[in-house]
Amino acid sequence: MKIIMLGAPGAGKGTQAMRIAEKYGIPHVSTGDILRANVKGDTPLGQKAKVFMNQGLLVPDDLVIDMLMDRIGQEDCKNGYVLDGFPRTIPQAESLDAALGKAGEKIDLAIDVDVPDDHIITRMGGRRACLGCGATYHIQFHPPKKEGICDVCAEKLILRDDDKAETVQKRLDVYHEQTQPLIDYYKKAGILKTVDGTMQMDSVFEAIVQILGESLWQ
Ligand code: AP5
Ligand code: MG
């Protein structure tokens, strides 16, 4: 089962992808998390990526595509994965399709978590992220048990550098320009499903589980 999560920054892709991964026993592959780990580790990739990420811009395709291909080529991805934050441009989607096609494989489903921009702005300021395991919290909608500490791995939670209000607006502009066309791309491929991401987290997850049940295990 190979699933893509689509949606604006802050739509809840990461929140839902983690739950899908847990329920179905497949890895959650987030390009944002991999890039942030590289930034934290000050690797050559991290040093290049940081400049783009902190401005709310996309990291260039060639860097991200190589990184993603390397990740999904690993053993734990053999039986599928849920991709969160990739693809984000048409060239990324085409590269993924081409690589999978060569191996006789394909993406099963693209799930668009649909949330209007005004909702997003409210959500982002309250988000807290764990750089240790990628878990995401919200000070109001999904607080950790102990303030500032990750429930899963006990690392300190942070406010992401790119969650400042002006950077969020830039990320939304970039999303509409470069990533939203993927909705049509996957609609044409006949594998797009949309969920209303403004519902409560549990309701969004229920809607996704229903879609997965209908699409994959009939
Ligand atoms: P990335 O890490 O992918 O960030 P993003 O797409 O901007 O998305 P977010 O992680 O901000 O949001 P999300 O949809 O995961 O929402 P979340 O679940 O956290 O990418 C960061 C940067 O890396 C990019 O800007 C780019 O520079 C670079 N990058 C990454 N991939 C790339 C690629 N493929 N190509 C090029 N560059 C790339 O939820 C948000 C908040 O809302 C949380 O606090 C959460 O608790 C809360 N929440 C979630 N669901 C709900 C709900 N239903 N109700 C209320 N609150 C909710
Ligand atoms: Mg995320």
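Look up a bit, the structure's there.
Chains are numbered independently. Their residues run from 1 in the order of the written sequence. Chain labels run from A onward and ligand labels from 1 onward, assigned in the order the entries are written. Local features are withheld for residues below a pLDDT of 70 in this predicted model, meaning they are given only at 70 or higher, and side-chain atom pairs are given and counted only at 80 or more; totals for whole chains, interfaces and linings count all residues. Hydrogen atoms and water are omitted, and side-chain values are computed over all heavy atoms in the structure.

Asker: Looking at this structure, how should I read the nonpolar core?
Answerer: What tends to happen in soluble globular proteins is that the nonpolar side chains get buried as a cluster. Counting 52 residues, the largest nonpolar core has Met 5, Leu 83, Leu 96 and Tyr 186 as the members making the most contacts within it. Numbering of helices and strands runs from the N terminus, with a helix taken as a DSSP run of H or I at least four residues long and a strand as a DSSP run of E at least two residues long. Among the elements that line this core, the one with the most residues is helix α4 (residues 61–72), at 6 residues. We call two residues in contact whenever any of their non-hydrogen atoms come within 4.5 Å of each other. Dropping the residues within four chain positions of it, Tyr 186 is found in contact with Ile 4, Leu 6, Pro 87, Ala 93, Ala 110, Ile 191 and Leu 192. Put simply, a nonpolar core is a bunch of buried Ala, Val, Leu, Ile, Met, Phe, Trp, Tyr and Cys residues held in one set by side-chain atoms that sit within 4.5 Å of each other. When accessible area is computed with a 1.4 Å probe and restricted to protein chains, residues below 20% of their type maximum are described as buried, those above 50% as exposed, and intermediate ones as partly exposed. Membership of the second largest hydrophobic core comes to 5 residues, among which are Cys 130, Ala 135, Cys 150 and Leu 157.

Asker: Which parts of the structure should I look at to understand the site of ligand 1?
Answerer: To be near a molecule or strand, a residue needs just one of its heavy atoms within 4 Å of it. Among the 35 residues in the neighbourhood of ligand 1, the closest are listed as Thr 15, Leu 57, Arg 88, Arg 127 and Arg 171. We call two N or O atoms a polar contact when they sit within 3.5 Å, provided that within protein one can donate a hydrogen and the other can accept it, with sequence-adjacent residues counted only if both atoms are side-chain atoms. Here an oxygen atom of ligand 1 and a backbone polar atom of Gly 10 are 2.7 Å apart. Between Arg 88 and ligand 1, the recorded distance is 2.3 Å, taken from a side-chain N or O atom to an oxygen atom. Of all the elements in the fold, those that place two or more residues in the shell around ligand 1 are α1 (13–24), α2 (31–40), α6 (117–125) and β6 (136–138). Ranked by residues supplied to the shell around ligand 1, first place goes to α2 with 4 residues. Residues are grouped as follows: Ala, Val, Leu, Ile, Met, Phe, Trp, Tyr, Cys and Pro are nonpolar; Asp, Glu, Lys and Arg are charged; all remaining types, including Gly, are polar. Looking at the shell around ligand 1, its residues break down into 15 nonpolar, 12 polar and 8 charged.

Asker: How do you make sense of the pairing of strand β4 (residues 109–114) when you look at a structure like this?
Answerer: For a regular strand, the rule is simple: side chains alternate between the two faces of the sheet. Taking burial as the measure, the 6 residues of β4 include 5 buried ones, the bulk of the element. Strands were regarded as paired on the criterion that DSSP finds at least two bridges between them. Examined bridge by bridge, β4 and strand β8 (residues 192–196) share 5 bridges and lie parallel to one another. When the bridges of β8 are listed, Asp 114 appears paired with Asp 196.

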